[in-house]
Amino acid sequence: MTTDHGLRFCANLGRLFGEVPFEERFDAAAEAGFSAVEYASPYGRSPVELRRRLKDAGLRQVLFNSPVGAPGTPTAAGTACLPDRVGEFRDGITRALDYAVELECPLVHLRAGVRPADVPRDTAFSRYVANVAWAGQLAAGAGVRLVIEAVNARDIPGYFLQTQEQAAGVVAAVGGDQVGLLFDIYHCQMSQGDVSTRLEEFLPSIAHIQVADVPGRAEPGSGEIAWDFVFDRLRALGYPGWIGCEYRPANATADGLGWLTRYAPEWNG
Ligand SMILES: O=C(O)C(=O)[C@@H](O)CO
Ligand SMILES: [Mg+2]
């Protein structure tokens, strides 16, 4: 939903509207007032079907993730930092960009992966930066921008990027505008805190934000984060991107959307 002050919120269909099957969540999000969606994986459905569902519901797709392996496998969080998976990584990016072009999706979240214990960090880092740079070039040619995200170590032990500084450092190392930062406020609070200072510090690199509260990863307002302060800072900083509602609703999704009215007076969903 676009707002007068520029804060735009999109529904994460992997987290919200779980009361209905995925195929019905597009209409559910539109009926709730969203004009854009994100979700982690489009790959179980054809891009043509997803494009139709977006169009029928009057929605835009603004983000999805690069492919990952099955849960519990070494590639369950991605392949980008794995020196022995370069072919799989490149095939995954190519597939993701095919979907992004068909869905007219501007951002793809490139999952970093978990470094194997027998791979030295500097070896994994060199491979990761080379993979991100390669993928960024390919994405730019398709009119797509990649984003990378720091994930807290409790949720994904060993995930390759765990702090905003690490992720921003890779964005700077790759250079140019091909790769941006996916700043997930939930993960920042879980790992580091000092959210509003980091949002301001890394704002030039931030291409997308995601929100959920701590503890519990539920609706903003259910935990310790001062969302009125955070959203006011984002308005003042003129953050132009989308804010992904990537939280686990405490109860029925529609019953829990009141936080948008509370913290985003411009929301008219
Ligand atoms: O878990 C999150 O936070 C995400 O944004 C997922 O897409 C996996 O990184
Ligand atoms: Mg996230």
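Structural notes, computed from the coordinates. Every value quoted in this text rests on a predicted model; they were computed, and no experiment measured them.

**Observations concerning the pattern of salt bridges**
Then step 1. If you walk through the whole model with that rule in mind, you get 14 salt bridges.
Then step 2. Salt-bridge contacts for R217 lead to D155; the nearest nitrogen and oxygen are separated by 3.7 Å. Taken together, the positions of R217 in the loop between β7 (206–211) and α8 (227–237) and D155 in the loop between β5 (145–149) and α5 (164–174) put the pair 62 residues apart, joining distant regions of the chain.
Then step 3. Classification of R217 as buried rests on a relative accessible area of 6%.
Then step 4. Taking the relative accessible area as the measure of exposure, D155 reaches 33% and is therefore partly exposed.
Then step 5. Shared partners join several salt bridges into a network, and the residues in it are E23, R45, E49 and R53.

**Regarding the packing of α5 against helix α7 (residues 195–202)**
Then step 1. Running from N to C, α5 and α7 cross one another at 5 degrees; their axes reach a closest spacing of 11 Å. Between α5 and α7, the angle is such that the two are roughly parallel. Contact with α5, carried on its side by Q164, E165 and A168, involves R198, E201 and F202 of α7 and no other residues of that element.

**Here's the deal with the site of ligand 1**
Then step 1. Around ligand 1, the neighbouring residues are N65, H109, R111, E149, D184, H187, Q210, R217 and E246.
Then step 2. In the model, an oxygen atom of ligand 1 is placed 3.3 Å from a nitrogen or oxygen of the R111 side chain.
Then step 3. At 2.8 Å from an oxygen atom of ligand 1 is found a side-chain nitrogen or oxygen belonging to E149.
Then step 4. Residue composition of the shell around ligand 1, by class: no nonpolar, four polar and five charged.

**Quick word on the sheet that holds strand β4 (residues 107–109)**
Then step 1. Read around the closed barrel, the eight strands follow the order β1-β2-β3-β4-β5-β6-β7-β8; overall the barrel is parallel. Strand-to-strand twist across the sheet, computed as the mean angle between neighbouring axes with direction ignored, equals 30 degrees.
Then step 2. Taken together, the three bridges between strand β2 (residues 36–38) and strand β3 (residues 60–65) define a ladder with parallel strand orientation. Within β3, the residue paired with V37 across the bridge is Q61.
Then step 3. With respect to the sheet, helix α4 (residues 121–141) is in contact with β5 and β6 (179–184), its orientation differing from that of β5 by roughly 150 degrees.
Then step 4. Of the strands in this sheet, β1 (8–12), β7 and β8 (242–245) are in contact with α8, which crosses β7 at around 165 degrees.

Cut-offs applied
- Residues numbered from 1 in each chain as written.
- Chains lettered and ligands numbered in written order.
- Predicted model: local features only at pLDDT ≥ 70, side-chain atom pairs only at ≥ 80, totals over all residues.
- Heavy atoms only, no water.
- Salt bridge = Lys/Arg side-chain N within 4 Å of Asp/Glu carboxyl O.
- Helix = DSSP H or I, 4+ residues; strand = E, 2+ residues; numbered from the N terminus.
- Buried < 20%, exposed > 50% of the residue type's maximum accessible area, 1.4 Å probe, protein only.
- Axes fitted to C-alpha atoms, helices over the stretch in contact; angles between N-to-C directions.
- Parallel < 35°, antiparallel > 145°, perpendicular 65-115°, else oblique.
- Contact = heavy atoms within 4.5 Å.
- Near = heavy atom within 4 Å.
- Polar contact = N/O pair within 3.5 Å; in protein donor to acceptor, adjacent residues only side chain to side chain.
- Nonpolar A, V, L, I, M, F, W, Y, C, P; charged D, E, K, R; others polar.
- Pairing = 2+ DSSP bridges.

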